[in-house]
Every structure is written in structure tokens, then in C-alpha cells.
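# An overview of the molecular structure
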Amino acid sequence: CPHSAVPPPRRVPCRVSSVLNRDAKQFGKQHMFDASEETCWNSDQGTCQWVTLDFPRPVKVSQLHVQFQGGFSSRLCTLEGCRAGEELVKISELYPQDSHAMQISFAKSGLGPTSQFQVEETVLDKLKITFENSTDFFGRIVVYHLGVLGERL
């Protein structure tokens with residue numbers, strides 16, 4: 001299936017820039033992937049927050065799903081990626097809305113609507129999403145859901 005979901009992060013090592021009050025049990029990265037509306041990753045304060053995913057084998061990313069908490073979102077998300085052993089390179093810049101709604105990006109080469117929220121369809125082993133220009137005065141980011149869709153190669 002060409003557009004099956006990339007393996008869930010239970011099997012994909014994930015790192016984040018920070019966790020609010022270092023309370024990983026309540027606000028840790030695992031909550032971005034647990035499909036619960038009650039839990040979230042909550043970063044600590046700071047000017048630039050990020051998430052990295054290291055896939056066990058190459059994937060072709062075609063969509064990114066993200067659900068922020070309104071008031072704690074990012075005005076600019078920079079996506080960087082690379083193949084194993086290479087340096088990260090910029091793939092796309094996304095301009096999400098300050099909203100609690102699920103936001104879905106589509107590959108520029110895909111059939112999705114034209115908008116400010118598109119990803120370059122790219123083959124990679126590592127993906128880094130940098131959340132810049134937070135809507136929160138202290139720079140915190142709150143993500144209820146993060147999904148990467150594409151094709152395993």
C-alpha cells in the first residue's frame with residue numbers, strides 16, 4: 001500500500017528538545033503518538049523546540065499530521081531530513097494555524113490542496129521538525145498528535 005502509515009514511534013526512536021518541568025510521565029514525547037485527546041507533549045519554555053524521528057529503514061514521507069493546543073502552537077515549522085550517515089537538509093517550511101484542529105500537510109507532488117502547509121515528498125531515514133516562532137510568550141509548544149505518513153521502502 002503506497003500510502004500506509006510510517007511505523008508508529010513505539011518502534012521509531014524519537015527525541016524532543018525539552019519537556020515541561022522535566023515531567024516526562026505527564027508531558028513526555030510518547031503522548032504525541034498515543035491517540036489520546038487527553039494527553040500531549042508539552043515543551044518547556046525556550047525559543048526553538050524540536051522533535052526528531054529516526055526510522056529503522058528509509059521512508060518516503062508524503063504527509064505530516066499535527067495537532068497543537070491553540071495558544072501553544074508554532075507559526076513556522078521547519079522540516080529537515082537525511083539518509084543514514086548524512087547531514088540534515090531543509091525539506092520544507094510549514095505555516096500552521098494557531099488552532100487545536102488537526103492540521104494535515106500534503107506532498108507538493110500529491111493531490112492535496114495548494115496551501116501554506118505542504119511537504120516536499122522526500123526519502124529519508126531521519127526527520128527533524130523544528131517549531132519556531134511559538135504563539136506562546138514563553139516559547140512553549142503543546143502537541144496532542146503528531147503523525148508522519150508515507151511509504152516504507
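Parameters at a glance
- Position numbers for residues count from 1 along each chain, tracking the sequence in the order it is written.
- Given that the model is predicted, a residue must reach a pLDDT of at least 70 before its local features are reported, and side-chain atom pairs must reach 80 or more before they are shown or counted; all residues, however, enter totals for whole chains, interfaces and linings.
- For the side-chain quantities, the full set of heavy atoms in the structure was used; hydrogens and water were omitted.
- Joining through side-chain atoms within 4.5 Å is the link that ties buried Ala, Val, Leu, Ile, Met, Phe, Trp, Tyr and Cys residues into a set, and such a set is a nonpolar core.
- Exposure categories follow from relative accessible area, calculated using a 1.4 Å probe and restricted to protein chains: below 20% of the type maximum is buried, above 50% is exposed, and the middle band is partly exposed.
- A helix here means a DSSP run of H or I that spans at least four residues, while a strand means a run of E at least two residues long, and both kinds are numbered starting from the N terminus.
- Should any heavy atoms of two residues lie within 4.5 Å, those residues are counted as being in contact.
- To pair, rings of Phe, Tyr and Trp, with the six-membered ring standing in for Trp, must have centres within 6.5 Å; the planes then decide the type, stacked if under 30 degrees apart, edge-to-face if over 60, and tilted in the middle.

## Describing the nonpolar core
With 29 residues, the main nonpolar core has Met32, Trp41, Leu127, Phe131, Val143 and Leu146 as its most contacted residues. Elements represented by at least two residues in this core include exactly strand E1 (14–16), strand E3 (48–68), strand E4 (74–82), strand E5 (89–94), strand E8 (122–134) and strand E9 (142–152). Considering each element in turn, this core owes the most residues, eight residues, to E3. Aside from chain neighbours lying at most four places away, what touches Val143 is Met32, Cys40, Trp41, Val66, Gln67, Phe68 and Phe131.

## Overview of the packing of aromatic side chains
By the definition in use, this model includes three aromatic pairs. With a centroid separation of 6.1 Å and an interplanar angle of 40°, the aromatic rings of Trp41 and Phe131 are classed as tilted. You can see Trp41 sitting in strand E2 (residues 41–42) and its partner Phe131 sitting in strand E8, a full 90 residues away along the chain. Taken as a pair, Trp41 and Phe131 share a single burial class, namely buried. Both rings, one in Phe68 and one in Phe131, keep their centres 5.8 Å apart while their planes meet at 85°; by these two values the pair is edge-to-face.

## Details of the environment of Val61
Locating Val61 in the fold gives a position in strand E3. For the pair Val61 and Asp125, spaced 64 residues apart in sequence, the C-alpha to C-alpha distance is 9.9 Å.

## A closer look at unusual backbone geometry
The residue Ala35 is not glycine, and still its phi comes out positive at about 60°. Relative to the helices and strands, Ala35 is located in the loop between helix H1 (24–27) and E2. Non-glycine residue Asn133 carries a positive phi angle of around 55°. Inspection of the secondary structure puts Asn133 in strand E8. By relative accessible area, which is 46% here, Asn133 ends up partly exposed.

## Topic: the side chain of Gln67
Note on placement: Gln67 falls in strand E3. Not counting residues within four places of it along the chain, the set of residues in contact with Gln67 comprises Glu37, His100, Ala101, Met102, Val142, Val143, Tyr144 and His145.

By themselves these figures say nothing about function.
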